[in-house]
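Understanding the architecture of this molecule
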Amino acid sequence: MTLPPALANARPAHATLRAMGLLALLLIVLFVASGKVSMQQVLDNARQAAPLGIIALGQALILMMGRLDLSVGATAGLANVVLASAFAGDMSNMPLALTLTIGLGLLVGLCNGLLVVTLRIPSFLATLATSLVLTGGLLVYTGGSPRGSIPAGFRQISEGWLFGVIPWSVVIWAVIGSLLMLFVHYTLAGRKMLFSGANPVAARLSGIAAGRLVILSFIIASLMATLGGIMLSAITGTASIGIANSYTVDTIAAVVIGGALFSGGVFLPAGAAAGSLILFFLQSLLYVLSLPPAARFILQGAIIIAALALANLKKDR
Amino acid sequence: MNAQAPQTPLMTVAGISKAFGRNTVLKNVSFSLAAGEVLALVGENGAGKSTLMNILSGNLSYDGGEIELEAEPYRPAGPAEAVRRGIAIAHQETAIMPDLTVAENIYFRREPRNRFGFLRQRRMHGDAAALLAELGFAIDPHRFGRTLSAAERQMVEISRALVQAPRILVLDEPTASLSAHAADTVLQLMKTLKARGTSVIFISHRLSEVMDAADRVVVLKDGEMTLEATRGTFDRDDLIQAMVGRKLSNIFPTRPDLDASDVMLSIEKAHNSALPPISLTVRRGEILGIAGLEGQGQKPLAEALCGARPFAGGTVRLDGEPVRLNSTAAAIAAGIASIPDDRKHEGLALGLSIRINMSLFAISDASRFGLPLAREREFGEVARKRFSIRSTDLEQPVGELSGGNQQKVVFARWLARRPKLLVLHEPTKGIDVQSKSEIYHLVNELTQQGVSVILISSDLLELIGLSDRILTLYENKVTGQIERADFSEEKIMRLSAGIVAEQLEREGAEHA
Amino acid sequence: MLEGSFKFNVLLTLPALVLTILLAVVTGALSPNFVTETNLANLATRLLPLGLVALGEAMVLFAGRIDLSVGSIFSLSTAIVALTSDTLGWYAIPVTLVIGIACGLFNAAGINLFRINPLVMGLATAAIVKGVTLLILPSPGGEVNYELYDALFGSERLLAMPLFLTIGAYAALVVIMGWTRFGRSIYAFGSDQRAAFVNGVSAWKVDLAVYGVSGFFAAAAGIAVSIKILSGDPLIGEAYTLDAVSAAILGGVALQGGRGSLIGVLLATISLVLVNNAFNLLDLDTNFQNIAKGLIFVLALVFFMRGKAGEA
């Protein structure tokens, strides 16, 4: 059977289906293990997973370009501190707070992009350096104890439920994911980006300004990290240093579970979403089993190795 | 010296075969090699020569048959074992470490050591200087691998193989990148080795060399042995017949005579950091062949024409209009399509589908923002038929296709632009004869629609079969021009080897 | 003595030499306390851990790989020493070193067995090791046998154990890298993996060796620090990963492998320690240190990698 072109383009990859299958399996295990899991509870978990999920979308885009962004955790942390201090608990500061936070986020992305493209520094080192500078900058700015808070009105974006049925944050996550999916798979610029991620040399020889697209991808990734940081702030309500640090490795684990390849040229937003949820559920499973919080790091590492090992072994056959 | 026929050959290859997946690349190949014998292995690209060589050097295992070396079974587990059994190899794709010096490369893992096991660097560089001098290679052993030219890398590769004191030396196209003088040095070297009782297996495209140096010749075609003969029992035509398997006229289209039509491309004294000023013209509908040894400026020329490494000065006119090829986008906009020589790294995104790889220009010309998906599909289906690309469907990843079909996908992408000038760089490297022929006919058709073609190739048969005119490059400069009526392998080789035209005429006069 | 690639690699260390001298002169001029035996001994003490980690990291970089797990292995080692030195005494040291090597071998196995990108393998190993560390020692603590402190840091002089150990480790590996076939193979592998493989170098062996060495020295550095602070700290090593890569690159080691000398790495490590020392002596806000480090890192990358192909 031949699908119409528009649908064929959106056909989920096997890797995405596999990740979704794994997610379903995990939910069933949770059901059986606790015996009281409701749809409500699943959605509530998804609500809390939204910051990770949104940041992972940006990381997925970076991996599509064959690069890596190790500054997303620090960028999300930056958003958290800046947002809280600019809001200072007052809803009327919202325009300023959002403009400032998002503006800074875009600037971080631009810096990353320029370091990687113009100065030709390998992406993981450039973003590692950025992350170091950001962390240092936050310490200098806050003196170690950040101030400010998020007003209750704004926290609705993570606390509130649309029609009482679905959390706002899940809606936001889904909308952002769909937009990125539409961008990559249904626009010309997205197609050029996908192609230059898969083979930058071939793209350049075909007249595509691959460098500019790489910069764009870093800006988008930092924007996603900033949005994720804002969502996270809405959940916690306060600012704290280092709150988002684990997101850097978490997002890599999530997109790898979702079928992303380090060689680039693959963009699977639904896979990344499934990966984020799997990671989040596994972590809550650890919590339910009352394992110490340290176990989550072991889980992170083991998942990355297992997912990549499976992908690579499959490729061999 | 041909008379000595030893009772037991040094090596016998009996009916070996090799397959990658379902793709059989060697079928039932048998020959034998005596001590002190020079064997030439001949065949087109993709005939199975490199596979055979990789089996001998221990990089690949073989599936069926048996190889015996000095009456013992030979089935090396890796390159190390091959070396231990006395087989050394100088690859055409040289394995030179760029950050080590020439001496360090030559003696790699065989470095002279003092009694505490520490390397004797100074002694080693001295030894290397002596060795290189003895072999007649003028290279400073202190130079770094990364500074060597293709020809020098080849010489270092050969020197390294010799340091292993092999019983059998395998040379993979040793002269492909060498100038005439250096190639003579290598041929002379083969004779010296032979006199010392070392056997040589060499792979070559140059039939004159084969006729000159080989005691025995083995011709492969599509993985099968089509000829095994000893010196004096074969001639040049036998070799070509065995290599190609059919008459050349069936592979190449018949080129119509060009009427004295207008000039499509004219380059005047254009140059950049990699290319001294170069001038050339291509007429409308003409195929201009560019011949030359490896690394004589072909790549810089192709890159300049496609805008990847633009000309810094000089004038370029395309179809009468002056154009500035400052970027790949500018070259494409001007109407130039460039098929790169390395399709896997420079042409295709192997993990993406045929559709995406093929439609890059078709969609960007049809839309500015959204993707015209229905149109893309239609374009893909039409192109798949027109170029007879053999695949399951349009969604199959390009990496799963054969080399020939991959190349057709690249052609399909570029031809969607309806270019005025087509720059082909090694367009048929490593693809099967059937696809080759299809591509030749396609190019011929295009020229009849007024497209001009620059064909940069190392395949002499291809250049002669397809071009209307051939320019030869040597050390990044044009050394000669040959009209269709005067085409001969001999002439191209001489001009490519840096013997300029006047010299050639003078020699011709002396002979007469 | 100096011939061939070895000579070239030593020349690559010149920028680091200049930087070190410059920093020493500037700090010496600005602070009267710089050239005192107490301060110099303090420098040597700080040089030991960073020097060892950077040494291991440089070995991995020579082979064209990277090890992002050294910081975690470092932390793990402080925890193990803190938890076992009471019962095991001196034996805690070899036990910890073996565990460090095992972590390195784990990296090598992942890269070769599952063909995981070395960069990502390092991140994954780092996460796992960090988890294990936090499991055995959730917060800074434990206790280290004071005997060990006396033996290692008992003397407050410059010419004492910390300096000897650093110099000794570097001297041994400089000789191995410069004058043995083993060292040559590592450079060759980093220079061009395919060419080295064709010439009979096995990726497995190289990876096991360099990651093993890297794990060993990361553990050794952790042991030194835990003895110095007389306790373990599950997160103390985090910053060392970037510092180690930074020192290697500043010392002229090429990120794409095959080039550089340990002499340069040692000089670069000294200059990083000097920067730190200057911050302390000149009473600058230590929070600026992270920013300074990040900028030094970027500058080093820009300086040494300009004009080369970017992404691997």
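Residues numbered from 1 in each chain as written. Chains lettered and ligands numbered in written order. Predicted model: local features only at pLDDT ≥ 70, side-chain atom pairs only at ≥ 80, totals over all residues.

Let's talk about the overall build of chain B
To keep it simple, the criterion reads: We count a stretch as a helix when DSSP gives it H or I for four or more residues in a row; a strand needs E for two or more, and each element gets its number in order from the N terminus. We compute the radius of gyration over the C-alpha atoms and compare it with the globule rule, which gives 2.2 Å times the number of residues raised to the power 0.38. Between the buried cut of 20 or more and the exposed cut of 12 or fewer other C-beta atoms within 10 Å of a residue's own C-beta lies the partly exposed class, and all C-beta atoms are placed from the backbone.
In terms of regular secondary structure, chain B is built from 20 helices and 20 strands. Taken over C-alpha atoms, the radius of gyration comes to 24 Å for chain B, in line with the 24 Å a tight globule of 512 residues would show. Counting only C-alpha atoms, chain B reaches 70 × 55 × 50 Å along its principal axes. Among the 512 residues that make up chain B, the fraction classed as buried is 49%.

Considering the overall build of chain A
Note the following rule: Once C-beta atoms have been placed from the backbone, residue pairs whose C-beta atoms lie within 7 Å are recorded as contacts.
The secondary structure content of chain A amounts to 14 helices and two strands. Since a compact globule built from 317 residues should have a radius of gyration of about 20 Å, the 19 Å found for chain A is in line with a globular shape. With the principal axes as the frame, chain A shows a C-alpha extent of 50 × 50 × 35 Å. In chain A, buried positions account for 54% of the 317 residues. A fraction of 78% describes how many contacts in chain A between residues 6 or more apart in sequence connect residues 24 or more apart.

Some points on the interface of chain A and chain B
Here is the rule: The classification used treats Ala, Val, Leu, Ile, Met, Phe, Trp, Tyr, Cys and Pro as nonpolar, Asp, Glu, Lys and Arg as charged, and all other residues, Gly among them, as polar.
Contacts between chain A and chain B engage 17 residues on the former and 27 residues on the latter. If you list the elements that add at least two residues to the side of chain A that touches chain B, you get α1 (5–10), α9 (188–198) and α10 (200–205) of chain A. Here the residues of the side of chain A that touches chain B sort into nine nonpolar, six polar and two charged.

Section: the pairing of strand β19 (residues 469–474) of chain B
All names here are of chain B. Our working definition: Whether two strands pair comes down to DSSP finding at least two bridges between them.
Among the six residues of β19, five are classified as buried, and the element is accordingly described as predominantly covered. Bridge count for strand β13 (residues 287–292) against β19 is five bridges, and the pairing is parallel. Bridge pairing links Ile-290 to Leu-471 in β19. Here six bridges tie β19 to strand β20 (residues 477–483), and the two strands are oriented antiparallel to one another. When the bridges of β20 are listed, Leu-473 appears paired with Val-478. If you look at the hairpin formed by β19 and β20, you'll find two residues sitting between the two strands, and Glu-475 has a positive phi there, around 45°.

A closer look at α9 of chain A
Side chains three or four residues apart in an α-helix point the same way, a direct result of the helix having 3.6 residues per turn. With nine of 11 residues buried, α9 of chain A lies mostly within the body of the structure. Turning to α9 of chain A, its buried residues are Gly-190, Arg-191, Lys-192, Met-193, Leu-194, Phe-195, Ser-196, Gly-197 and Ala-198 of chain A. Of the surrounding secondary structure, the elements contacted by the buried residues of α9 of chain A are α3 (39–64), α8 (168–186), α10 and α11 (210–236) of chain A together with α13 (354–358) and α14 (360–366) of chain B.

Describing the pairing of strand β2 (residues 23–33) of chain B
As defined by bridge partners, strand β1 (residues 11–20) of chain B adjoins β2 of chain B across seven bridges and the pair is classed as antiparallel. Note on β2 of chain B: the bridge partner recorded for Thr-12 of chain B is Ser-32 of chain B.

Considering helix α1 (residues 49–56) of chain B
All names here are of chain B. Burial of α1 is extensive: seven of the eight residues sit out of reach of the surface. Turning to α1, its buried residues number three or more, namely Lys-49, Ser-50, Thr-51, Leu-52, Met-53, Ile-55 and Leu-56. In the segment just after α1, Gly-58 is the residue with positive phi, at about 85°.

Here we look at the sheet that holds β13 of chain B
All names here are of chain B. The cut-off we apply is this: Orientation is described by axes fitted as lines to C-alpha atoms, over the contacting stretch for helices, and by angles from 0 to 180 degrees between their N-to-C directions.
Overall, mixed pairing links the six strands, which are arranged β16-β17-β18-β13-β19-β20 in an open sheet. Edge positions in the open sheet fall to β16 (336–339) and β20, since each of these has one partner strand only. Each adjacent strand pair in this sheet contributes to an overall mean axis angle of 20°, direction not counted. Where strand β17 (residues 421–425) lies against strand β18 (residues 452–456), five bridges are found, and the strand directions are parallel. Residue pairing for β18: Leu-422 is matched across the bridge by Val-453. The sheet contacts of helix α10 (residues 298–305) involve β13, β16, β17, β18 and β19, and relative to β17 the element is tilted by about 150°.

Some details on the sheet that holds strand β15 (residues 321–322) of chain B
Residue and element names in this part refer to chain B. Ordered in space as β12-β11-β14-β15, the four strands form an open sheet in which the pairing is antiparallel. Edge strands, defined here as strands with exactly one partner in the open sheet, are β12 (275–283) and β15. Taken together, the two bridges between strand β14 (residues 313–318) and β15 define a ladder with antiparallel strand orientation. Bridged to Leu-318 within β15 is Glu-321.

Section: the packing of α9 of chain A against α11 of chain A
Residues and elements named next belong to chain A. Let me state the cut-off plainly: In what follows, roughly perpendicular refers to angles from 65 to 115 degrees, roughly parallel to angles under 35, roughly antiparallel to angles over 145, and oblique to any angle outside these ranges.
α11 packs onto α9 with a crossing angle of 100° between their chain directions and a minimal axis gap of 10 Å. Between α9 and α11, the angle is such that the two are roughly perpendicular. Residues Lys-192, Met-193 and Ser-196 of α9 pack against Ala-210, Leu-213 and Ser-217 of α11. Looking at side-chain class alone, the contact of α9 with α11 contains three nonpolar, two polar and one charged residues.

Focus: the domain arrangement of chain B
Residue and element names in this part refer to chain B. What counts, and what does not: Note: domain ranges come from an automatic or database domain assignment.
On domain assignment, one finds that chain B holds domain 1 (11–96 + 148–245) and domain 2 (251–347 + 417–511). A C-alpha centroid distance of 31 Å is found between domain 1 and domain 2. Contact residues are listed per partner, giving 10 residues for domain 1 and 11 residues for domain 2. Taken together, the residues of the side of domain 1 that touches domain 2 break down into four nonpolar, five polar and one charged.

Details of the nonpolar core
Note the following rule: Linking buried Ala, Val, Leu, Ile, Met, Phe, Trp, Tyr and Cys residues through C-beta atoms within 7 Å yields a set, and such a set is a nonpolar core.
Ranked by internal contacts, the top residues of the largest apolar core, which has 360 residues, are Ala-60 of chain A together with Val-53 of chain C. Looking at which domains feed residues into this core, each of domain 1 (11–96 + 148–245) and domain 2 (251–347 + 417–511) of chain B gives three or more. Non-local contacts of Ala-60 of chain A, meaning those with residues more than four positions away in its chain, are made with Val-255, Gly-258, Ala-260, Phe-267, Leu-268, Pro-269 and Ala-272 of chain A.

Examining the packing of helix α3 (residues 37–62) of chain C against helix α13 (residues 262–281) of chain C
Residue and element names in this part refer to chain C. Selection rule: Should the near helix be turned counterclockwise from the far one by less than a right angle, the crossing is left-handed, whereas a clockwise turn marks it as right-handed.
The interhelical angle for the contact between α3 and α13, taken along N-to-C directions, is 140°, at an axis separation of 9 Å. Our classification of the angle between α3 and α13 gives oblique. Here α3 runs over α13; the crossing is right-handed. Facing Leu-43, Arg-46, Leu-47, Leu-50, Gly-51, Ala-54, Leu-55 and Ala-58 of α3, the residues of α13 in contact are Leu-262, Val-265, Leu-266, Thr-269, Ile-270, Leu-272, Val-273, Asn-276 and Asn-277. Class assignment for the residues of the contact of α3 with α13 results in 12 nonpolar, four polar and one charged.

Regarding unusual backbone geometry
All names here are of chain B. A positive phi angle, close to 50°, is found at Asn-28, a residue other than glycine. Mapped onto the fold, Asn-28 is located in strand β2. Phi is positive for Ala-71, which is not a glycine, with a value near 65°.

Digging into the environment of Leu-97 of chain C
All names here are of chain C. Position of Leu-97 relative to the elements: it lies in helix α5 (residues 92–113). Separated by 126 residues in the primary sequence, Leu-97 and Ile-223 place their C-alpha atoms 8.5 Å from one another. The residues touching Leu-97, leaving out its near neighbours within four places in the chain, are Phe-216, Ala-219 and Ala-220.

Focus: the environment of Gly-113 of chain A
Residue and element names in this part refer to chain A. By secondary structure assignment, the location of Gly-113 is in helix α5 (residues 94–117). Exposure remark for Gly-113: the 25 C-beta atoms within 10 Å place this residue in the buried category. Measuring from C-alpha to C-alpha, the distance between Gly-113 and Ile-215 comes to 4.1 Å, with 102 residues separating the pair along the chain. What Gly-113 contacts, discounting residues up to four positions off in sequence, is Val-214, Ile-215, Phe-218 and Ile-219.

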